[in-house]
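An overview of the molecular structure
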Amino acid sequence: MEQTKFLLDESQIPRRWYNVAADMPNAPRPVLHPGTGEPVGPDDLAPLFPMELIGQEVSEEAEVAIPEEVLDIYRLWRPTPLYRAYRLEQAAATRSRIFYKYEGVSPPGSHKPNTAVAQAFYNKREGRTRLSTETGAGQWGSALAFACKLIGLECKVYMVRISYDQKPFRRSMIETWGAEIVASPSTDTQCGRAILDEFPDTPGSLGIAISEAVEDAAGRDDTSYSLGSVLNHVLLHQTIIGQEALAQMELAGAFPDVVIGCVGGGSNFAGLAFPFIREKIAGREIDVLACEPEACPTLTRGLYAYDFGDTSKLTPLVPMHTLGHDFVPAPIHAGGLRYHGVAPLISQLVNDELIRAEAYLQSDIFASAVRFASTEGIIPAPESAHAIHGALEVARAADEAGEERTILFNLSGHGHFDMAAYDNYFSGKLEDVALDEAEIDRALRAIDGLPTPA
Ligand SMILES: Cc1ncc(COP(=O)(O)O)c(C=O)c1O
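One structure accompanies this document, and this report is about it. No experiment lies behind these values; they were computed from the predicted model shown.

What counts, and at which threshold
Residues numbered from 1 in each chain as written. Predicted model: local features only at pLDDT ≥ 70, side-chain atom pairs only at ≥ 80, totals over all residues. Heavy atoms only, no water. Helix = DSSP H or I, 4+ residues; strand = E, 2+ residues; numbered from the N terminus. Buried < 20%, exposed > 50% of the residue type's maximum accessible area, 1.4 Å probe, protein only. Contact = heavy atoms within 4.5 Å. Areas by Shrake-Rupley, 256 points an atom, 1.4 Å probe, with all protein chains shown as cover. Lys, Arg positive; Asp, Glu negative; His and termini not counted. Charge placed at Lys NZ, Arg CZ, Asp CG, Glu CD. Polar contact = N/O pair within 3.5 Å; in protein donor to acceptor, adjacent residues only side chain to side chain. Pairing = 2+ DSSP bridges. Axes fitted to C-alpha atoms, helices over the stretch in contact; angles between N-to-C directions. Salt bridge = Lys/Arg side-chain N within 4 Å of Asp/Glu carboxyl O. Near = heavy atom within 4 Å. Nonpolar A, V, L, I, M, F, W, Y, C, P; charged D, E, K, R; others polar. Expected span 1.5 Å × (residues − 1). Parallel < 35°, antiparallel > 145°, perpendicular 65-115°, else oblique. Left-handed = near helix turned anticlockwise from the far one by under 90°. Right-handed = clockwise from strand over helix to strand, strands pointing away.

We now examine the overall build of the protein chain. Each helix and strand counted, the protein chain has 19 helices and 15 strands in total. Expressed as a percentage of its 454 residues, the buried residues of the protein chain come to 60%. Within the protein chain, residue pairs in contact and separated by at least 24 positions form 77% of the contacts whose partners lie at least 6 positions apart. Carbon and sulfur atoms provide 48% of the accessible area of the protein chain, an area that totals close to 16600 Å². Counting 37 positive and 63 negative side-chain charges, the protein chain places the centres of these two groups 4 Å from one another.

Another aspect to go through is the side chain of Arg-84. Turning to its location among the elements, Arg-84 is positioned in strand 4 (residues 82-84). By relative accessible area, Arg-84 is classed as buried at 13%. In this structure the side chain of Arg-84 is engaged in a polar contact, spanning 2.7 Å, whose partner is the side chain of Glu-89.

Moving on: the sheet that holds strand 9 (residues 223-225). Taking strand neighbours across the sheet as the criterion, the four strands line up as 8-7-6-9 in an open arrangement whose pairing is parallel. Single-partner strands in this sheet number two, and they are strand 8 (180-184) and strand 9. Sheet twist, expressed as the mean angle between neighbouring strand axes with direction ignored, is 25 degrees. Set on the sheet, helix 6 (residues 139-151) makes contact with strand 6 (130-135) and strand 7 (154-160); between it and strand 6 the angle comes to about 165 degrees.

Pairing is mixed across the open sheet formed by seven strands, whose spatial order is 1-4-5-15-10-11-14. Looking at which strands have only one partner, the edges of the open sheet turn out to be strand 1 (5-6) and strand 14 (356-360). As paired strands, strand 4 and strand 5 (residues 97-102) are joined by three bridges and run antiparallel to one another. Following the sheet pairing, Leu-82 is matched in strand 5 by Lys-101.

Right, let's get into the pattern of salt bridges. Here the structure, examined in full by the defined rule, presents 23 salt bridges. Taking the shortest distance from any N to any O, the salt bridge between Asp-23 and Arg-278 comes out at 3.8 Å. With Asp-23 in the loop between strand 2 (16-18) and helix 1 (42-45) and Arg-278 in helix 13 (residues 267-281), this residue pair connects regions lying 255 residues apart in the sequence. Looking at Asp-23, the relative accessible area reads 27%, which means it is partly exposed. Linking Glu-89 and Arg-84 is a salt bridge whose minimum nitrogen-to-oxygen distance equals 2.7 Å. Considered together, Glu-89 and Arg-84 belong to a single accessibility category, that of buried residues. Via salt bridges that share partners, Arg-78, Lys-101, Glu-103 and Glu-244 belong to a single interconnected network.

A few words now on the site of the ligand. The environment of the ligand is made up of 18 residues, and the closest members are Ser-229, Gly-264, Gly-266, Ser-267 and Ser-412. Measuring from an oxygen atom of the ligand, one finds a backbone N or O atom of Gly-264 at 2.7 Å. Taking Ser-412, its side chain carries an N or O atom lying 2.7 Å from a nitrogen atom of the ligand. Notes on the ligand: free accessible area 380 Å², of which the protein chains cover 97%. Among the elements of the structure, helix 13 and helix 17 (382-400) are those that each provide at least two residues to the shell around the ligand. When grouped by side-chain class, the residues that make up the shell around the ligand number four nonpolar, twelve polar and two charged.

Okay, helix 5 (residues 113-125) next. In a regular helix each residue adds 1.5 Å, so 13 residues correspond to 18 Å; helix 5 covers 18 Å between its end C-alpha atoms and thus fits that length. Among the 13 residues that make up helix 5, eleven are buried, leaving the element largely enclosed by the rest of the structure. Every buried residue of helix 5 is listed here: Pro-113, Asn-114, Thr-115, Ala-116, Val-117, Ala-118, Gln-119, Ala-120, Phe-121, Tyr-122 and Asn-123. At the C-terminal side of helix 5, Gly-127 shows a positive phi close to 90 degrees.

For any two helices packed against each other, one specifies the inter-axial angle together with the distance between the axes. One way to put it is that helix 12 (residues 240-251) packs onto helix 13 with a least axis distance of 6 Å and a crossing angle of 55 degrees. Considered as vectors, helix 12 and helix 13 are oriented oblique to each other. The handedness of the crossing between helix 12 and helix 13 is right-handed. Facing helix 12, whose interface residues are Ile-241, Gly-242, Gln-243, Ala-245 and Leu-246, helix 13 presents Asn-268, Gly-271, Leu-272, Pro-275, Phe-276 and Glu-279. Taken together, the residues of the contact of helix 12 with helix 13 sort by class into six nonpolar, four polar and one charged.

A few words on the pairing of strand 11 (residues 287-293). In terms of burial, strand 11 is a largely internal element, six of the seven residues being buried. Across five bridges, the pairing between strand 10 (residues 258-262) and strand 11 is parallel. Counted as the bridge partner of Val-258 is Asp-287 from strand 11. Considered for its hand, the β-α-β crossover made up of strand 10, helix 13 and strand 11 is right-handed. One ladder, built from five bridges, connects strand 11 with strand 14; its direction is parallel. The residue bridging Pro-293 from the neighbouring strand is Tyr-360, located in strand 14.

These figures capture arrangement, not role.
Rendered as structure tokens:
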């Protein structure tokens, strides 16, 4: 074994985010106003977001400078390490080389604060005093609570009911950083009350929690809405991951043939992949693989269509792969991957065949997670374990074909608050949920009558 960790100095933290929209062969379709069917403008978004983020959402600049104040907070955990997974390679008996970028070293334990800090900063600078948001697994909610505490904003988190029950310590973390948290659907909003009336036992979903957080922000002048994934500006902020990884792969004297990440709304995947897609568009050969759950197979089995980002249809219409805005995914343990849609930038890149996608069953995910923990030591978040499984599948296929690949994946977070999920796996209680076609057909009826992307 040679060098295991590839580390950058604090002075090497990238000072700009990378905007893939500047280089894409086809720009994503515009986001539409559901009332008029016209592209949304800054005025439509101003009640929810600060102007700087609205500007980043539509920016065509290839690079956006990272404010000094944001860099100062990034220094608490960035640059994050890049590892060569020698022990995993040995256990898998693969001829391929496997590298991973580890985002779990941030205080909340995932990639999410890369954008949380930036969003809190711009909101504060434009005079907002409070943010509302949704959270699935609790990683995003804790990242935003952390960022708001450091920047000096109030924060209200609507946490998907199933995760709220499964992950009491994520709740405690969010409260430790001073945010208010409720289970979603909640009685604090009109849409929450309406859903509870109809489905009192619902496990909740990210789509529902987004509706509640948007309603909260739209109803108060002091409050902005903050989204942890999907939007262009969120993916932009995450590209610090891939830029660091490019420099670290160079330190390792290697370049990836395959770049892999798990996809919920798409932010950690984009964060690692987009700077490599820049290289791919410039002519390098790279296979870029997005990994998702079979229980919520947005990219592999969803339709590319205009759909609402939330269940109660409060958001604009987003051009994306979708399973339908009222689709409630089965309560699998990768809570952060239970979202009916995906980032429009990723959808467009899938349409343009610059990214491909695969879907996996949760028992296979946990087998790979345990194999990773047993060799590399880190206990991965169930979401991140999709990327581990993807990497092992790519290595296996290469071995079978007699090939040798250099594989890089994003380990988006640790699983220290997911141990109940591991317990279920060890006691054989984990259910494999593969979605049947009839349920997809039913859920997609929700988008009948909405505009279709040209
Ligand atoms: C550790 C981790 N990885 C991945 C995700 C999925 O989100 P995204 O696709 O935006 O990276 C989440 C979401 O909560 C997460 O907590």
